[in-house]
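Commentary on secondary and tertiary structure
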Amino acid sequence: MIEHLPVLLVTVPIVAALLILLLGWHDSRFCYPLTLATILFQFAGGIALLIEVMREGTIRYYLGGWAPPLGIEFVIDTFNGYILPIVLLLALATAVYARRSVEKEIKPEKIVSFYVLFQLLVTGLVGMTITGDIFNLYVFLEISSIAAYTLIASSRKPRAYVAALNYLVLGSIAGGFVLLGIGNLYVATGTLNMADLARLLPASYGLATVHTAFLLLVIGFSIKVALFPLHLWLPDAYTEAPSAVTVLISTVMAKVSVYAMFRVIFSVFTTAYFVETVPVTELILFIAAVAIVAGAVLAIAQEDLKRMLAYSSVSQVGYIVFALGVANQIALEGGLLHILGHAVMKGCLFMVAGVIIYRLGTSSFSDLKGVAATMPVTCAAFALAGASMIGVPPTIGFASKYYLVLGALEAGHWVYAAVLLAGSLLAVGYIWRFIEVAYFSASSHHEGGDHHPAPGVREAPLSMLVPMVILSILCLVLGIFVDPLMKIVAPAVSLLLGGA
Amino acid sequence: MEAVLEAFLSHYNYGMAIILMMIGLYALIAKQNLVKKLIGLNIFQTAIFLFYISFADVEGGIAPIYLPEGMEAIYVNPLPHVLILTAIVVGVSVTAVGLSLIVRIYEEYGVIDEAGLLKMVKRR
Amino acid sequence: MVDVTGLLPAVTVVIPLLAAVMILVSGRHENIRDGFTVAAAVAMLVSVVAMLPSILSGERITISLIPLLPGGDLALRVDAFGMVFALTAAVLWLLNSFYSIGYMRSLKEHAQTRFFFCLAVAIAAAIGIAFSANLVTLLVFYEILTIITYPLVVHVETPEAMAAGRKYLAYLLIGGIFFLAAVILTYILTGTTGFVPGGFLAGSAPPLTLQILFVLFMVGFVKAAWMPLHGWLPAAMVAPTPVSAFLHAVAVVTAGVFGIVRIAGWVYGMDLLASLGLGTLLAVIASFTIITASLFALTEDNLKRRLAYSTVSQLSYILLGVSMLSIAGMTGAMAHIPIHAFLKITLFFVAGAVIVAAGRERISDMKGIGRKMPVTAVMFSAAAIGICGLPPLSGLISKVYLALGAVEGGVPILLIVLIASTVLNAAYFFPIIHTMLLGRPDDERSLDSVSEPPLTMLVPIVLTTVASVLIFFFPSMPFMDLVEIAIGEITGSVIP
């Protein structure tokens, strides 16, 4: 049983998705507990796999018993062993959070299909994370993408259709690039297994085919992770999607895409290729720095909480890609830490936005004056996660920033380190928009004497509050206990830098 | 010059795939009608499919089926075909989702061209 | 110097944090809530005082909490210099707690729970700064202090306060970024950030790098409000008066100058600073600030703002002392931290008392107010005299050491700065005293409703003044003893 865990993490949820569909037809009340149970199972499995990897080393699972390169294998090493629990933790938190939010934001007749797609999206992402076969990666990528397009469109707002279509077009182009890149790799080596590719590719590093493949894959994934200036699909998609979906795609999906990018660059092409053969690190650093600044500036200019957070994601992705550009041990540790940190804090922040929409029906700053008085816990969660976003010690956001700057300075990138630091100041600019409006909104205080934004507004329901508060506390706890965390992250980075 | 020509002619399948891709991308960007955009996307994807199929081909090769004892033959590489079968399924699903979104957009806004849609979205 | 491991430093930091949580929980019952504030202040003072004997006997109490980041664990170490700051903060917080409760209740201020919660966390951060064993820990507490004092600064939530709050955040967070860069750079150069008496940077990098690094640190400690980076401090005067007292005396600016002295004595070392020529840089900045800020103070009619510029000027005394790079100068610098804090908090307490009892903020409106509030006005006069450096108040002690340092260091021009500043101090304080005690109100009846402030406010005012007198008569207990140990630590010699 336990040795089949990798494949069970993918197959069980697919079966569960079918079950949700069948049972949900009968009675839609089945959907939620089934989804929750499945994701709980996956989460437990993810943790178990991480423990196993930390203890025993890399786990290889041959699908159907066919050994690679003929068969497809699932590989769990320290890198994706680290990513997998993050993905599932956020999926779990979102699942708990989703129930009340979905009741309000999605038409009742669509709730069954919402849970089915939710399940498929998570499963696709889990598959992307654990597969050791690059074509398999593409298939899971498309499964999760299609689920995401549909989930975004499940909102009651008609604008969501437009956002989803936009995302669909750009996402499909990205998928096409990835597919084409994989084809080129296959032409160059005759294999699709990632470990095999890493072994065979060095012989053909000079070939134009390999360069083309690298370029196509990097561009494809750059669209998927919304790296500036390929982020155009992101703001609308994040803003218009139902709150629970926004949480899921902004954290889990974005992070898995980053994972895939790292995996392909480091485990398929190896550091030697992209640092020496095609010296693109300088370019990547430049793009990342532009992303950090531009995303933050755009975020500051927004008048809507959810939209502001969406642009903040554009900026934060820059931090992670920045680590890629520096490509030394410490910076990558910071990057990997930020994958976790940003998932947790952005998850929390979008949950806050969702709760506010749930209670107030809007997330426009002008309607949120003094909201902290009526929703104190929600706003406290925002303040804590926001502090982490800015990088106030001792939060997780500070730890990753510290590592990134340290790594950049060690590599001699003085200017870029300065940009990184400036970027965190810009984060103050947009996080504080909400803090000022929610806590210190002058008008409500002086007109009414006390903070009362709107009659009847109460604190969020418990099932939305709990995951949100847990995530915000995690921002702090992870930041304080960052050293034990590094015992997982450091081997993962060594693995990446050491090639496959 | 001859070498370049030679290289192009011997890899003309690549060239064709690229030309098809560009046509698809052009339609995707330049066409106003959302359905035509989706058709562009389809052309783009099909170009990639063709690319896979063409590089799998072996001159004079036959389908990889089990032959009776004593018969020898060159097979074309079956793996890309299998891969593309999967990719086609993906493509069809994407098209289906895309078309249904366009239907919904038409129901909501009553327009199906990009400029008109932009105007409608801004107005609401 | 003996290092002993002990839990007390951590306990001292945790007490106000626990209190903060309890304050949030009990926010609806204001007596219970304020009870927690007072209880925590007492407990923290006890805990600090409990460490005093072992520090005075030359021990240092250390505790490493958890490994945090490359470059430093989250670690606390109580040494004599840290004790100077911690003891000042602990005593003043206790008094400030009573005063705040009286002030906030008298004015029926809103959001009091938020106010006391932030104060409690802020004092924890201040104590953490005092006890930091390395730069990383110092940075952590320094940034927490920045963020948590923001809600205090913008407490009144008027557009003016929000603008001031933005200014406050902008200055301090940008400073924090510079500090972070400096910490990381230090770690890259030396592989450590732990404080070493006498410094550990010597020989780790070319002079230019170390000079740039020092500038990074200086900008990082923008909390010290040296000119021209002082703009946030007068702006922050929109806050309620207990907050101003807290900013100016208990924690924030003190943390800034404390940090600079820490860097000078425990990261660079005086010899290195001298060989890099950084003493001159500091001296120029400090002299400029002392004189200019005093001139600004002369032109302010708003009492709190005048006091703010006075603080800016007085803080640079400490920088001036450091810049002399002599034992006497350093002694004066360290001694001036508690001495200035006790005097300045009295002045702010009085300013707040006048707001509560008479609703006046402008000096020109305070004519003759001393007739109705005699105790308050006399205490103000006493503290003002102390700041000018006249006996029998503690201000004289640090001034003497600073003057000694100037003479010893062979830079008589600094002596001139000191004398000029004393004259300026008198020039902006004596008119206030005159107005309060001897002035005649334009309208005699306008003072009818004015009386002494409530006891919770009056008693702290008297106590801080008495403390300043006591420090003058018994300087060694305990502050000068602590300073002596600290000086011995970084220079290996004793105070003249």
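This write-up is about the structure you can find in this document. This one's a predicted model, so the numbers in the text were calculated from it and none came from an experiment.

1. Structural notes on the sheet that holds strand β2 (residues 59-69) of chain C
Residue and element names in this part refer to chain C. Spatial strand order, β1-β2-β3: three strands in an open sheet with mixed pairing. Both outer strands of the open sheet, β1 (2-5) and β3 (72-78), are each paired with one neighbouring strand and no more. Taking each pair of neighbouring strands and ignoring which way they run, the sheet shows an average axis angle of 35°. Note that β1 and β2 share four bridges and pair parallel. Of the residues in β2, the one forming a bridge with Thr5 is Thr62. Packed on one face of the sheet, helix α5 (residues 135-153) meets β2 and β3 and runs near 85° to β3.

2. Some points on the nonpolar core
The biggest cluster of nonpolar side chains holds 463 residues, and the ones touching the most others in it are Ile152(A), Ala89(C), Ala126(C) and Leu145(C). Setting aside its immediate chain neighbours within four residues, Leu145(C) contacts Ala122(C), Ala125(C), Ala126(C), Ile129(C), Ala251(C), Val252(C) and Ala255(C).

3. Re the packing of helix α4 (residues 111-130) of chain A against helix α5 (residues 134-153) of chain A
All names here are of chain A. Where α4 contacts α5, the axes come no closer than 8 Å and their chain directions differ by 155°. The orientation of α4 relative to α5 falls into the category roughly antiparallel. With respect to the hand of their crossing, α4 and α5 are arranged in left-handed fashion. Across from Leu117, Phe118, Leu120, Leu121, Gly124, Leu125, Gly127 and Met128 in α4, the residues of α5 making contact are Leu137, Phe140, Leu141, Ile143, Ser144, Ala147, Ala148, Thr150 and Leu151. Tallied by class, residues from the contact of α4 with α5 come to 13 nonpolar, four polar and no charged.

4. Regarding the interface of chain A and chain C
Taken together, the contact between chain A and chain C spans 23 residues of the former and 26 residues of the latter. When contributions to the side of chain A that touches chain C are tallied by element, the ones reaching two or more residues are α17 (396-410), α18 (414-439), α19 (442-448) and α21 (482-497) of chain A. Each residue belonging to the side of chain A that touches chain C can be placed in one class, and the counts come to 18 nonpolar, two polar and three charged.

5. Points about unusual backbone geometry
Across the junction of Phe228(A) and Pro229(A), the peptide omega takes the value 0°, indicating a cis bond. Note on placement: Pro229(A) falls in the loop between α8 (208-225) and α9 (234-240). Note that the residue after Pro393(A), namely Pro394(A), is joined by a cis bond; omega there is 0°. With respect to the helices and strands, Pro394(A) occurs in the loop between α16 (376-390) and α17. Residues other than glycine seldom take positive phi values, yet Ala226(A) does so here, at roughly 60°. Inspection of the secondary structure assignment puts Ala226(A) in the loop between α8 and α9. A residue is classified by how many C-beta atoms lie within 10 Å of it, and Ala226(A), with 26 of them, is buried. Its identity is not glycine, yet Ala225(C) carries a phi of approximately 55°, on the positive side. Structurally, Ala225(C) can be placed in the loop between α7 (207-220) and α8 (232-235). Residue class for Ala225(C) comes out buried when judged on the 30 C-beta atoms lying within 10 Å of it.

What counts, and at which threshold
Residues numbered from 1 in each chain as written. Chains lettered and ligands numbered in written order. Predicted model: local features only at pLDDT ≥ 70, side-chain atom pairs only at ≥ 80, totals over all residues. Pairing = 2+ DSSP bridges. Helix = DSSP H or I, 4+ residues; strand = E, 2+ residues; numbered from the N terminus. Axes fitted to C-alpha atoms, helices over the stretch in contact; angles between N-to-C directions. Contact = placed C-beta atoms within 7 Å. Core = buried A, V, L, I, M, F, W, Y, C linked by C-beta atoms within 7 Å. Buried ≥ 20, exposed ≤ 12 C-beta atoms within 10 Å, placed from the backbone. Parallel < 35°, antiparallel > 145°, perpendicular 65-115°, else oblique. Left-handed = near helix turned anticlockwise from the far one by under 90°. Nonpolar A, V, L, I, M, F, W, Y, C, P; charged D, E, K, R; others polar.

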